[in-house]
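One-letter residues, chain by chain:
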Amino acid sequence: MAVDCLFCRIVSGDVAADVVAQDERVLAFRDINPQAPTHVLVIPREHVASAADLAEHHGDLLAAMFSMANGVAAADGRVETGYRLVFNVGPDAGQSVDHLHLHVLGGRRLAWPPG
């Protein structure tokens, strides 16, 4: 756990969040500044700063994150109309918290290209 990391503090319970799903490796909670009716962040309990820091040994962790993201989308009723899964990597891509997180977005038509 990184002491100054907001998401690590959510994992530890020191900061409140609207948690929608969790297991022993992954936690999912609603974004405090949603960009769509469904906007959930899926994070690993383990501190990984960014997708740029992922290595081959993180394969199971990524599978757990994607599995939870798909479950969150299904629970919010987004399977029929679709949803987007997004990793932002670095400040120019919009990563504002240095803890790996996967955005689950849905519930409205999402433009392409984004941004």
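Scroll up to find the structure this text is about.
Cut-offs applied
Residues numbered from 1 in each chain as written. Predicted model: local features only at pLDDT ≥ 70, side-chain atom pairs only at ≥ 80, totals over all residues. Heavy atoms only, no water. Core = buried A, V, L, I, M, F, W, Y, C linked by side-chain atoms within 4.5 Å. Buried < 20%, exposed > 50% of the residue type's maximum accessible area, 1.4 Å probe, protein only. Helix = DSSP H or I, 4+ residues; strand = E, 2+ residues; numbered from the N terminus. Contact = heavy atoms within 4.5 Å. Phe/Tyr/Trp six-rings, centres within 6.5 Å; stacked < 30°, edge-to-face > 60°. Expected span 1.5 Å × (residues − 1).

Chemist: I would appreciate a short explanation of the nonpolar core in the present structure.
Modeler: Across soluble globular proteins, you tend to see nonpolar side chains buried next to one another. Formed by 15 residues in total, the largest nonpolar core has its most connected members in Val 26, Ala 28, Val 42, Met 65, Met 68, Val 72 and Val 104. Looking at this core, the elements that each hand over two or more residues are strand E2 (26-30), strand E3 (38-44), helix H2 (59-75) and strand E5 (102-106). Of the residues forming this core, the biggest block, 7 residues, is contributed by H2. Setting aside residues up to four positions removed in sequence, Val 104 forms contacts with Thr 38, His 39, Val 40, Val 42, Ala 69, Val 72, Ala 73, Tyr 83, Arg 84 and Leu 85. Judged by nonpolar contacts, the second largest core, of 10 residues, contains Ala 2, Phe 29, Leu 41 and Val 97.

Chemist: What is the right way to read the packing of aromatic side chains from this model?
Modeler: Both the distance between ring centres and the angle between the ring planes are used here to describe each pair of aromatic rings. Per the stated rule, a full pass over the model turns up 2 aromatic pairs. Relative to Phe 29, the ring of Phe 7 lies with its centre 5.4 Å away and its plane at 75°, an arrangement referred to as edge-to-face. Here Phe 7, found in helix H1 (residues 6-12), pairs with Phe 29, found in strand E2; they are 22 residues apart in sequence, far enough to count as distant. Take Phe 29: its relative accessible area is 4%, and that puts it in the buried class. Each ring, one from Phe 66 and one from Phe 87, has its centre 6.0 Å from the other, and the planes form 65°; the classification is edge-to-face. Here Phe 87 lies in the loop between strand E4 (83-86) and E5 and Phe 66 lies in helix H2, a separation of 21 residues in the sequence. Residue classification places Phe 66 among the partly exposed positions, given a relative accessible area of 33%.

Chemist: In this structure, what is going on with H2? I would like to understand it.
Modeler: Given 3.6 residues per helical turn, the α-helix brings residues three or four places apart onto the same face. With 17 residues, H2 extends 24 Å from end C-alpha to end C-alpha; this agrees with the ideal 24 Å at 1.5 Å per step. Looking at H2, one finds that the buried residues are Leu 61, Ala 64, Met 65, Met 68, Ala 69, Val 72 and Ala 73. Elements in contact with the buried residues of H2: strand E1 (19-22), E2, E3, E4 and E5. A positive phi of about 75° marks Gly 77, the residue just after H2.

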